[in-house]
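# Topology and contacts: notes
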Amino acid sequence: MDRRDPRPALREELSGVGRWMYETAVRDGQSQLADGIAHLFGKAECPRCASVFTVADEYASANGPCSA
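The structure contained in this document is the topic of the report that follows. Treat the numbers as computed from the prediction; the structure is a model and nothing was measured. (Residues numbered from 1 in each chain as written. Predicted model: local features only at pLDDT ≥ 70, side-chain atom pairs only at ≥ 80, totals over all residues. Heavy atoms only, no water.)

### Some details on helix α1 (residues 16-27)
- Taking 1.5 Å of rise per residue, the 12 residues of α1 would be expected to cover 16 Å, and the 17 Å separating its terminal C-alpha atoms lies within 8% of that figure.
- For α1, the set of buried residues is Gly 18, Tyr 22, Thr 24 and Ala 25. Projected onto a plane normal to the axis of α1, the buried residues spread over an arc of 165° and lie on a single side. Every exposed residue of α1 that faces more than 90 degrees away from the buried side is listed here: Gly 16, Trp 20 and Arg 27.
- Within two residues after α1, Gly 29 carries a phi angle of roughly 75°, on the positive side. (Helix = DSSP H or I, 4+ residues; strand = E, 2+ residues; numbered from the N terminus. Expected span 1.5 Å × (residues − 1). Buried < 20%, exposed > 50% of the residue type's maximum accessible area, 1.4 Å probe, protein only. Arc of directions from axis to C-beta.)

Below, the structure written as structure tokens:
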């Protein structure tokens, strides 16, 4: 299986709720949580087609309400 490592978002790239979540975790000394948030709002690459996507957007798309 071909695997690609996810690319966490840099602090400067975060905005809105992602930035708020990250900064709150850092402020509260929750470094593992902050790292996870950076990965959630970061990018990943499909090993099959090499397309790059935002993890949070893909998750929201796959788990949001269906529009019929």
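More follows now that the structure is in view.
### Description of the environment of Cys 46
- Examined against the element boundaries, Cys 46 turns out to sit in the loop between β1 (43-45) and β2 (52-54).
- C-alpha separation for the pair Cys 46 and Asp 2, spaced 44 residues apart in sequence, amounts to 9.4 Å.
- Excluding anything up to four places from it in sequence, Cys 46 contacts Arg 4, Ser 51 and Phe 53. (Contact = heavy atoms within 4.5 Å.)

### Description of the nonpolar core
- Judged by nonpolar contacts, Ala 9, Leu 14, Tyr 22, Ala 25, Ala 34, Ile 37 and Ala 38 together constitute the single largest core of seven residues.
- When residues of this core are traced back to their parent elements, those giving at least two are α1 and α2 (31-40).
- The greatest single-element share of this core, amounting to three residues, is contributed by α2.
- The contact partners of Ala 38, leaving out residues within four places of it in the chain, are Pro 8, Ala 9 and Tyr 22. (Core = buried A, V, L, I, M, F, W, Y, C linked by side-chain atoms within 4.5 Å.)

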